[in-house]
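Chain by chain, the residues run as shown.
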Amino acid sequence: MDSNRKPKSVLDSVGEEIVRIITPVSICMLLVVILVSVLNNDSDSSGSSFPSIATYAYTENSSDSNWDKLKGALLNALVFVVVVTAVTFLLVLLFYFRCTKFLKYYMGFSSFLVLGFMGGEISLFLIGKFRVPIDCVTFGLSLFNFTVVGVLAVFMSKTAIIITQGYLVVIGVLVAYWFTLLPEWTTWVLLVAMALYDLAAVLLPGGPLRLLVELAISRDEDIPALVYEARPVINPDSVPRGAVVQRRVWRETRDNDLGSDENLDSTSNLNSTVNSGLESNSGLERLGDENERNGVDVEDGQVSRADSELAAPLIQHRINVRMNLQEGGSNDDFALEGIGLGSSGAIKLGLGDFIFYSVLVARAAMYDFMTVYACYLAIIAGLGITLMLLAFYQKALPALPVSVLLGVLFYLLTRLLLETFVVQCSMNLLMF
Amino acid sequence: MTVGAGIGYALLALGPSLSLFISVISKKPFLILTLLSSTLVWLMSLIVMSALWRAFLPLKTAAWWPYTILILTSVGFQEGLRILFWKVYKKLEDILDAFADRVSKPRLFMTDKMQIALAGGLGHGVAHAVFFCLGLLTPAFGPATYYVEKCSKIPFFLVSAIIALAFSTIHTFSMVIAFSGYEEGNKVDKCFAPVVHLIAAMLQGRIQNRNCRDWLTFHFLIPQAVPDPPKETLTNLAFGGCMIGIPLLYCVAIVTLVHCGKMAWRRLIESRSREGNLSNSQ
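Just so you know, these numbers come straight off a predicted model, no measurement behind them.

A. Quick peek at the interface of chain A and chain B. Taken together, the 53 residues of chain A in the interface contact 68 residues of chain B. Buried surface at the junction of chain A and chain B, both sides included, amounts to about 5,300 Å², of which 77% is carbon and sulfur. By the criterion of area lost to chain B, the three top residues of chain A are Leu11(A), Met431(A) and Phe432(A), representing 17% of everything that side buries. Inspection of the region where chain A meets chain B yields zero salt bridges. Put simply, chain A and chain B have four residue pairs in polar contact (both at pLDDT 80 or more) between them. When residues of the side of chain A that touches chain B are traced back to their parent elements, those giving at least two are helix 1 (16-39), helix 8 (334-341), helix 10 (369-393) and helix 11 (400-427) of chain A. Examining the composition of the side of chain A that touches chain B, we find that 14 residues originate from one element, helix 11 of chain A, more than from any other.

Spelled out as structure tokens, the structure:
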């Protein structure tokens, strides 16, 4: 074929950033589903629930009536949301008093705890399940090494980006698995409550996360947070000068989103991108007009890079983050760049989103695999919709509500309607 | 039967789709997004159908007409969605062409358009395989297996995997045929997809029914040497049920493949000769 002579079509690069963020989300969900199906072979009743802040008000008993379970779950969720709000306000306060160093160190300590203790316990479950012959000393040593490398990878940005990304996904998997140990009704009501809280905290004028974002913008600082950052798309045929391939850095736009919330023991996990909040040209250094490709500007801007954002939170119970789309295109490209189809931006997604998506899918896995597929598709659709809304509205948007609400809706529809239909049709070998 | 068997069934249903995905679709991110959205559309159509039919299930009658109506409504709805998909695709094509002009890249090639159609069809095929085969595969990972009375010689999981493979082929390539038919206005191609879908679905439905099977046995097949046994299971062995339905289904799948191949070849040759004429005349 003459494909080498054919110029590259536009189809080769469109939508790449979206796929770069969907891939780690899918991997995280897949790992949690595998963990859950391997380790939780008993029924999904709350036999092994552990005392936590999320079961403070009510511990589910499988013999309770549905109404009691619902009431108990609502109480639990309420307690949880109240605690999270309080801790978020505490975080805003700490940030206001410029205790950033403290926050960073606390986050490093938190990720150490997550990787070390939670990771250790889950490894012990797996070792017990598969009867792996390993002795304590080897196990302790490898776990310690794993944990320390993880803390360094997340804390400092000098490691290869794939290691940082891998460890962030691992942290998400570990925390999501622990969330699935909560009782069933509590988990679902908690997910919906967190989605609504996210909506309120980011969009309402008094919401803690919005305050945090505005503080960060006004001070031009980064919020220490755990953020998954997709690799930016480098466009090779946009380098007119010389052999130097410039790594495209994102232009700061007015967008900024964060999400954070935390929990008693842990610090919040924030994800933020500092934005100048001003017009695109201010505060940026243009590399000269000869660098511009037609219609798309290559700009180097200050970027709130991962190095400053690597305060890893201990994500014990919740995190709530938002997505941030940074766009590099010029203003009139906004209609297309806005859909996330631009080739010069990178997308960041907070770790809390990873965790809650995975919790939803893992809970669906505890029922049956058909619900898993339906919820997976719903979450990805929600993520896509949120990206488009983000590009459209150009401001901080919560990533949880659309996906979680769609996921819960599809779970209910599948469980109640689809499953009977498909099983009936398949048993009669009626396929279409 | 074991984890190995379960994975085997899953790969049987999804193997060719997986290789198509890895070789063609994973290289272009836009195609991955197209695949995900067409899977979602298929899932939503399935949910709507199940909402409609929920009140009537489980169908306990042995008569054939409820099943026929079920299949007719489902296939009709899905074909309607295909037309909707086409309309959305046209809008998307305009947006992509405008974007290409803006960044001064060439507009969408014909192969690009066919690849998008392929991704859309693959999404439908994967969705069918996932919901009709993989979703039911959970017991297959355990120590036992399961047989249905309609096809009692081979395990149910194997039957559903084989049928899912045929259907995903049909879905994948009939989408390419349908899109090219809508684009060129070719009547044959336009009607090909719904007709093939309906035939394939009916093959599964009708052949299972004992009356139809007996009719076929009486008129077409070798007269039975043994007297009509009372149990359905013995009849399934030689004279019908899935033993007829599945090979016929694969015939339909092969017809789809061949037709799609011929159509794609013809269009490629045409466009190549058109390009040749253009460059010659310049």
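B. Focus on the packing of aromatic side chains. Residues and elements named next belong to chain A. All chains considered together, the criterion is met by 23 aromatic pairs over all chains. Between the aromatic rings of Phe102 and Tyr106, the centroid separation amounts to 6.2 Å while the plane-to-plane angle is 10 degrees, which identifies the pairing as stacked. Residue Phe102 and its partner Tyr106 are located together in helix 3 (residues 100-130), separated by four residues, close to a single helical turn. When its relative accessible area of 24% is taken as the criterion, Tyr106 is described as partly exposed. Its end group placed over the ring of Phe95, Arg219 keeps NZ or CZ at 5.2 Å from the ring centre. Seen from the ring of Tyr367, Arg415 lies directly overhead, with NZ or CZ sitting 4.0 Å from the centre.

C. Spotlight on the confidence of the model for chain B. Residues and elements named next belong to chain B. Of the residues in chain B, 84% have a pLDDT of 70 or more, and the chain-wide mean is 83. Contacts for the low-pLDDT stretch residues 220-239, under 50 throughout, to residues beyond four places or in other chains number 28 contacts. This complex was scored by the predictor with a pTM of 0.79 and an ipTM of 0.85.

D. A look at a nonpolar patch on the surface. All names here are of chain B. The grouping of Val3, Ile7, Leu11, Leu18, Ile22 and Phe141 at the surface amounts to a nonpolar patch, some 530 Å² of accessible area in total. Tracing the backbone through its elements, the reader meets Ile7 in helix 1 (residues 3-25). Residue Ile7 is classed as partly exposed on the basis of its relative accessible area, which comes to 43%.

E. Broad picture of the pairing of strand 5 (residues 347-350) of chain A. All names here are of chain A. Burial along strand 5 is two-sided: Ile347 and Leu349 facing one way and Lys348 and Gly350 facing the other are all buried. Sheet topology places strand 1 (residues 227-229) next to strand 5; three bridges connect them, and they run antiparallel. Residue pairing in the sheet places Glu229 in a bridge with Lys348 of strand 5.

F. Representation of the packing of helix 1 of chain A against helix 5 (residues 161-179) of chain A in the model. All names here are of chain A. Running from amino to carboxyl end, helix 1 crosses helix 5 at an angle of 40 degrees, the nearest separation of the two axes being 9 Å. If you check the angle between helix 1 and helix 5, you find them oblique. Considering the relative orientation of helix 1 and helix 5, their crossing is right-handed. Contacts between helix 1 and helix 5 involve Pro24, Cys28, Leu31, Val32, Leu35, Val36 and Leu39 on the former and, on the latter, Val169, Gly172, Val173, Ala176 and Tyr177. The class makeup of the residues in the contact of helix 1 with helix 5 is eleven nonpolar, one polar and no charged.

G. Seen up close, the nonpolar core. One finds Phe421(A) and Leu46(B) to be the most contacted residues of the largest nonpolar core, which totals 186 residues. Here the element with the most residues in this core is helix 5 (residues 156-184) of chain B; it accounts for 16 residues. Other than its neighbours up to four places away in sequence, Leu46(B) contacts Leu418(A), Phe421(A), Val422(A), Phe432(A), Gln78(B), Phe131(B) and Phe132(B).

H. Quick peek at the environment of Ile161(A). Residue and element names in this part refer to chain A. Tracing the backbone through its elements, the reader meets Ile161 in helix 5. Note on Ile161: relative accessible area 22%, which makes it partly exposed. Taking the C-alpha atoms as reference, Ile161 lies 9.0 Å from Ala230; in sequence the two are 69 residues apart. Apart from the residues within four sequence positions on either side, Ile161 is in contact with Glu229 and Arg231.

The rules we used
Residues numbered from 1 in each chain as written. Chains lettered and ligands numbered in written order. Predicted model: local features only at pLDDT ≥ 70, side-chain atom pairs only at ≥ 80, totals over all residues. Heavy atoms only, no water. Contact = heavy atoms within 4.5 Å. Buried area = accessible area lost by both parts, 1.4 Å probe. Salt bridge = Lys/Arg side-chain N within 4 Å of Asp/Glu carboxyl O. Polar contact = N/O pair within 3.5 Å; in protein donor to acceptor, adjacent residues only side chain to side chain. Helix = DSSP H or I, 4+ residues; strand = E, 2+ residues; numbered from the N terminus. Phe/Tyr/Trp six-rings, centres within 6.5 Å; stacked < 30°, edge-to-face > 60°. Buried < 20%, exposed > 50% of the residue type's maximum accessible area, 1.4 Å probe, protein only. Lys NZ or Arg CZ within 6 Å of the ring centre and 35° of its normal. pLDDT = per-residue confidence, 0-100. Patch = residues over 30% accessible without salt bridge, like charges linked within 9 Å, V, L, I, M, F, W, Y side chains within 5 Å. Areas by Shrake-Rupley, 256 points an atom, 1.4 Å probe, with all protein chains shown as cover. Pairing = 2+ DSSP bridges. Axes fitted to C-alpha atoms, helices over the stretch in contact; angles between N-to-C directions. Parallel < 35°, antiparallel > 145°, perpendicular 65-115°, else oblique. Left-handed = near helix turned anticlockwise from the far one by under 90°. Nonpolar A, V, L, I, M, F, W, Y, C, P; charged D, E, K, R; others polar. Core = buried A, V, L, I, M, F, W, Y, C linked by side-chain atoms within 4.5 Å.

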